[in-house]
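This is what each chain is made of:
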Amino acid sequence: MKLKMSDILIVLGYASIAYSAYRYATASDGDSKRDALFVGHWAPTFFILGVGAENREYRKQNTLALDADA
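Residues numbered from 1 in each chain as written. Predicted model: local features only at pLDDT ≥ 70, side-chain atom pairs only at ≥ 80, totals over all residues. Heavy atoms only, no water.

### Comments concerning the overall build of the protein
Part 1 of the argument: Secondary structure assignment for the protein yields three helices and zero strands.
Part 2 of the argument: Starting at the N terminus and ending at the C terminus, the protein contains elements arranged as α-α-α.
Part 3 of the argument: Relative to its 70 residues, the protein shows a buried fraction of 21%.
Part 4 of the argument: Looking at the protein alone, contacts between residues at least 24 apart form 65% of all its contacts between residues at least 6 apart.
Part 5 of the argument: Accessible surface, the protein: about 5,300 Å² in total, of which carbon and sulfur atoms supply 62%. (Helix = DSSP H or I, 4+ residues; strand = E, 2+ residues; numbered from the N terminus. Buried < 20%, exposed > 50% of the residue type's maximum accessible area, 1.4 Å probe, protein only. Contact = heavy atoms within 4.5 Å. Areas by Shrake-Rupley, 256 points an atom, 1.4 Å probe, with all protein chains shown as cover.)

### Let's talk about the side chain of S6
Part 1 of the argument: Within the secondary structure, S6 is located in helix α1 (residues 5-25).
Part 2 of the argument: Once you skip the residues sitting within four places of it in the chain, S6 turns out to touch G50, A53, E54 and E57.

### Notes on the packing of aromatic side chains
A ring pair, where both rings are aromatic, is described by two values, the distance of the centres and the angle of the planes.
Part 1 of the argument: Applying the stated criterion to the full structure yields two aromatic pairs.
Part 2 of the argument: Arranged with centres 5.8 Å apart and planes meeting at 80 degrees, the rings of F38 and W42 form a pair that is edge-to-face.
Part 3 of the argument: For F38, a relative accessible area of 52% translates into the label exposed.
Part 4 of the argument: Take W42: its relative accessible area is 39%, and that puts it in the partly exposed class. (Phe/Tyr/Trp six-rings, centres within 6.5 Å; stacked < 30°, edge-to-face > 60°.)

### Thoughts on helix α3 (residues 42-58)
Note that an α-helix has 3.6 residues per turn; residues three or four places apart therefore point the same way.
Part 1 of the argument: Taking 1.5 Å per residue as the helical rise, α3 with its 17 residues ought to reach 24 Å, and the 25 Å between its terminal C-alpha atoms agrees with that figure.
Part 2 of the argument: Of all the positions in α3, only A43, G50, A53 and E57 are classed as buried. Taken down its axis, α3 places every buried residue within 90 degrees of arc, on the same side.
Part 3 of the argument: The inward-facing, buried residues of α3 abut α1 and α2 (30-40). (Expected span 1.5 Å × (residues − 1). Arc of directions from axis to C-beta.)

Written out as C-alpha cells, the structure reads:
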C-alpha cells in the first residue's frame, strides 16, 4: 500500500480535531481549555496542506511520498 502525503495530512487534521475535543472535555482550568482550542486551530492548516499535496499528486509532481516508488 502506498502511503501518500495527502492522506497523512488529512488524518492529522482529523486527529487534531479529536485531540482538541478530548483536551477540552478533560480540561480543569482556563489555561488547559485555551491550549485545547489552540490545538483545534491546527486542523484547517492540515486540511489545506492535504489538498495541496493531493493536487500535486494528481499532477504527478513530487510530494514526498513515503515509499521507494515515488
